[in-house]
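# Overview (structure and organization)
As a plain string of letters, each chain reads:
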Amino acid sequence: MERENQQYNGLKEACGIFGIYDINGHDTARITYYALHALQHRGQESAGIAVSDGKKINYHKGNGLVTEVFDEKNILHLKGHIAVGHVRYSTTGLNQIYNAQPIVVRYKNGYLALAHNGNLINADELRKELEDSGSIFQTSTDTEVIIHLIVKYIANGMVEAIKMAMKKIKGAYSLIIMTNEAIYAVKDPNGLRPLCLGLMDDSYCFASESCALDIIGAKLVREISPGEIIEISKEGIKTYEYDGSKKEAFCIFEYIYFARPDSVIRDVSVYSVRQEMGRRLALEYPVDADLIVPVPDSGIPAALGYSEVSGIPYGEGLIKNKYVGRTFIQPDQIHREIAVRLKLNVMSEMVKGKKIVLVDDSIVRGTTSKRLVAMLRNAGAKEVHLRISAPPVKFPCYFGIDTPSKKELIGSKASVEDIRKMIGADSLGYLSMEGLLSCFKDKGFCTGCFDGNYPIKVPEEGSKFIFDDFSTI
Ligand code: AMP
């Protein structure tokens, strides 16, 4: 029942992954621990690290933040020169250890560990096919389907097995796969989720975002290409193309909200592009005001860009409580509203008597904006003009970003004017789709959450398909 509810709500995963092959034979668990720290924003529900010493894979994983799951003792226990790590994101608050990754299995020739960021959309049918031919599943995660497929084809060699498995799965996947002797990174043919290659001294590593490379002192080599497999072993680095269709559709929402601002993805600085979105927003929706106030943290670069173009001063009118990252918030409307107050408080002396431009990156259900507009007015703001550095979110994401079903998305139910009224702002301006796309030199984006144009045919909303989460408790 719980699982049905979660599917209906469309609660999904967007995770962080990291992997390293240390050719100097150093222990890699601690490096992975630091890298996962840097990727914590991509997932706070569980964390895990698996290491290989060339013979055997050992792992430790658990529910909670990286610092809660790992301590000196279990890091010391994880010895090996190859490692893969994962942080998992879910908004339900349900803690199920069996959903934690990396998934580690033992098969005929050795061990495999797999970490996945993204969502498959044909996991249900593949799972049925595998079960019909005798496979036994321990979880309901789509990630387990991937590992079963790889093992099924393993007689052809690892790279061939990955290629054959990837031909079967559909959806978003950035993967790191570790065997006893090697590590592989794989990106889906649309390249929906980020994954980059880094170099630490002379050892290669993979990370969801380049911010993880900075923290461990590694250099960003490049983003992994859509449809590419990279293999790192004692023989060095090899790359393979398993899908040359070149139909890149990178998730534009990573740039808008999800990724860390200090990351560089596909040669684009997340911070700079968010600033540019703010500049374009100021050109599209100018307003006479006294102060630009960002919604911290994700609204900050866009607010700076808006301020730069409009000439209106920028100021911190809202202060974020840095310790509410992982409060157990009930997913209902009343508790969501308390959550906004827990997270953000108004600096009355900054906003009193002023015309405010409030800048945020997105409106999903409308809860945050409505509360913030009311809080600013209560604190004495004369006018509150809301500016959003992305178009209205109108459609759910099937590829790994947590967005609710269409009926909960305010942008799919109401016109901009009706949203303005519901939120109680004096004016509301969303960055146009053209404005958003003009911030990038390259194209090749998934903009499904804004316009319903998904790169892959998606299941009908509310229909039964597996998300990377399930529960029977
Ligand atoms: P809402 O209150 O539902 O309208 O959510 C909008 C706020 O949530 C904005 O401040 C966004 O920065 C933030 N946000 C956008 N997308 C997500 C997401 N996938 N998960 C968590 N927060 C998000």
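Residues numbered from 1 in each chain as written. Predicted model: local features only at pLDDT ≥ 70, side-chain atom pairs only at ≥ 80, totals over all residues. Heavy atoms only, no water.

### Focus on the packing of helix 5 (residues 123–132) against helix 6 (residues 142–152)
Contact geometry for helix 5 and helix 6: axes closest at 10 Å, N-to-C directions at 45 degrees. On the basis of their axis angle, the class for helix 5 and helix 6 is oblique. Crossing of helix 5 over helix 6 shows left-handed handedness. Within the contact between the two elements, helix 5 uses Ala123, Leu126, Arg127 and Leu130 and helix 6 uses Asp142, Val145, His148, Leu149 and Lys152. (Axes fitted to C-alpha atoms, helices over the stretch in contact; angles between N-to-C directions. Helix = DSSP H or I, 4+ residues; strand = E, 2+ residues; numbered from the N terminus. Parallel < 35°, antiparallel > 145°, perpendicular 65-115°, else oblique. Left-handed = near helix turned anticlockwise from the far one by under 90°. Contact = heavy atoms within 4.5 Å.)

### Observations concerning the site of the ligand
The immediate surroundings of the ligand are formed by 15 residues, with Asp360, Asp361, Arg365, Gly366 and Thr368 found nearest. Within the backbone of Thr367, a nitrogen or oxygen atom sits 3.4 Å from an oxygen atom of the ligand. Partitioned by chemical class, the residues of the shell around the ligand number six nonpolar, five polar and four charged. (Near = heavy atom within 4 Å. Polar contact = N/O pair within 3.5 Å; in protein donor to acceptor, adjacent residues only side chain to side chain. Nonpolar A, V, L, I, M, F, W, Y, C, P; charged D, E, K, R; others polar.)

### Observations concerning the sheet that holds strand 12 (residues 228–233)
The antiparallel open sheet is built from six strands, whose spatial order is 5-6-7-8-12-13. Of all strands in the sheet, those with a lone pairing partner are strand 5 (103–107) and strand 13 (236–241), marking the two edges. Across the sheet, the mean angle from the axis of one strand to that of its neighbour is 20 degrees, orientation sign disregarded. Bridge analysis of strand 6 (residues 110–117) against strand 7 (residues 174–178) gives five bridges, and the strand direction is antiparallel. Counterpart to Ala113 in the pairing with strand 7 is Met178. Sitting on the sheet, helix 6 touches strand 5, strand 6 and strand 7, and the angle it makes with strand 6 is about 140 degrees. Docked against the sheet, helix 7 (residues 158–168) engages strand 6, strand 7, strand 8 (183–187), strand 12 and strand 13, running at close to 25 degrees with respect to strand 8. (Pairing = 2+ DSSP bridges.)

### Describing the domain arrangement of the protein
Taken domain by domain, the protein comprises domain 1 (16–249) and domain 2 (271–451). Using only C-alpha atoms to locate each centre, domain 1 and domain 2 end up separated by 34 Å. (Domains from an automatic or database assignment.)

### Some details on the side chain of Lys61
For Lys61, the position within the fold is in strand 3 (residues 57–63). Nearest to the buried, unbridged Lys61 among oppositely charged side chains is Glu144, at 9.7 Å. Polar contacts involving the side chain of Lys61 include one to the main-chain carbonyl oxygen of Ala100, which spans 3.0 Å. Within the structure, the side chain of Lys61 is placed 2.8 Å from the backbone oxygen of Pro102, a separation counted as a polar contact. Discounting residues that sit within four places of it in the chain, Lys61 has contacts with Ala47, Gly48, Val69, Ile97, Ala100, Gln101, Pro102 and Ile103. (Buried < 20%, exposed > 50% of the residue type's maximum accessible area, 1.4 Å probe, protein only. Lys, Arg positive; Asp, Glu negative; His and termini not counted. Salt bridge = Lys/Arg side-chain N within 4 Å of Asp/Glu carboxyl O.)

### Points about the packing of aromatic side chains
Counting across every chain of the model gives 12 aromatic pairs. Consider the rings of Tyr398 and Tyr454, whose centres lie 5.4 Å apart with planes at 85 degrees: the pair is edge-to-face. Of this pair, Tyr398 sits in the loop between strand 21 (383–388) and helix 15 (410–413) while Tyr454 sits in the segment after helix 18 (448–451); the two residues are 56 residues apart in sequence, bridging distant segments of the chain. Put simply, the rings of Tyr89, Phe253, Tyr257, Phe258 and Phe450 touch in pairs and so form one group of aromatic residues. The ring centre of Phe137 lies 4.5 Å from the NZ or CZ of Arg127, which sits over that ring. (Phe/Tyr/Trp six-rings, centres within 6.5 Å; stacked < 30°, edge-to-face > 60°. Lys NZ or Arg CZ within 6 Å of the ring centre and 35° of its normal.)

### Details of the sheet that holds strand 9 (residues 196–200)
Spatial ordering of the open sheet is given by 3-2-4-1-10-9-11, a layout of seven strands whose pairing is antiparallel. Taken across any chain shown, the strands that pair with only one partner, and hence form the sheet edges, are strand 3 and strand 11 (219–223). Strand-to-strand twist in this sheet, taken as the mean axis angle between neighbours without regard to direction, amounts to 15 degrees. Where strand 2 (residues 46–52) lies against strand 4 (residues 82–88), seven bridges are found, and the strand directions are antiparallel. Bridge pairing in strand 4 places Ile49 opposite Gly85.

### As for the environment of Leu376
Within the secondary structure, Leu376 is located in helix 14 (residues 367–378). On the basis of relative accessible area, Leu376 is assigned to the buried category, the value being 0%.

### Points about helix 10 (residues 270–284)
Note: α-helices contain 3.6 residues per turn, so residues at a spacing of three or four share the same orientation. A rise of 1.5 Å per residue sets the reference length of helix 10, with its 15 residues, at 21 Å; its end C-alpha atoms lie 21 Å apart and thus fit the reference within 8%. Taken residue by residue, helix 10 has Val270, Val273, Arg274, Gln275, Glu276, Met277, Gly278, Leu281 and Ala282 as its buried positions. (Expected span 1.5 Å × (residues − 1).)

### Some points on unusual backbone geometry
The linkage connecting Gln101 with the following residue, Pro102, adopts the cis geometry, with an omega of 0 degrees. Here Pro102 shows up in the loop between strand 4 and strand 5. Cis geometry marks the peptide bond from Pro296 to Asp297, where omega comes out at 0 degrees. In this structure, Asp297 sits in the loop between strand 17 (291–294) and helix 11 (300–310). With a phi angle near 50 degrees, Arg266 is a residue other than glycine that sits in the positive phi range. Along the chain, Arg266 falls in the loop between strand 15 (264–265) and strand 16 (268–269). Look at Asp267: it is not a glycine, yet its phi comes out positive at around 65 degrees. Tracing the backbone shows Asp267 in the loop between strand 15 and strand 16. Looking at Asp267, the relative accessible area reads 77%, which means it is exposed.

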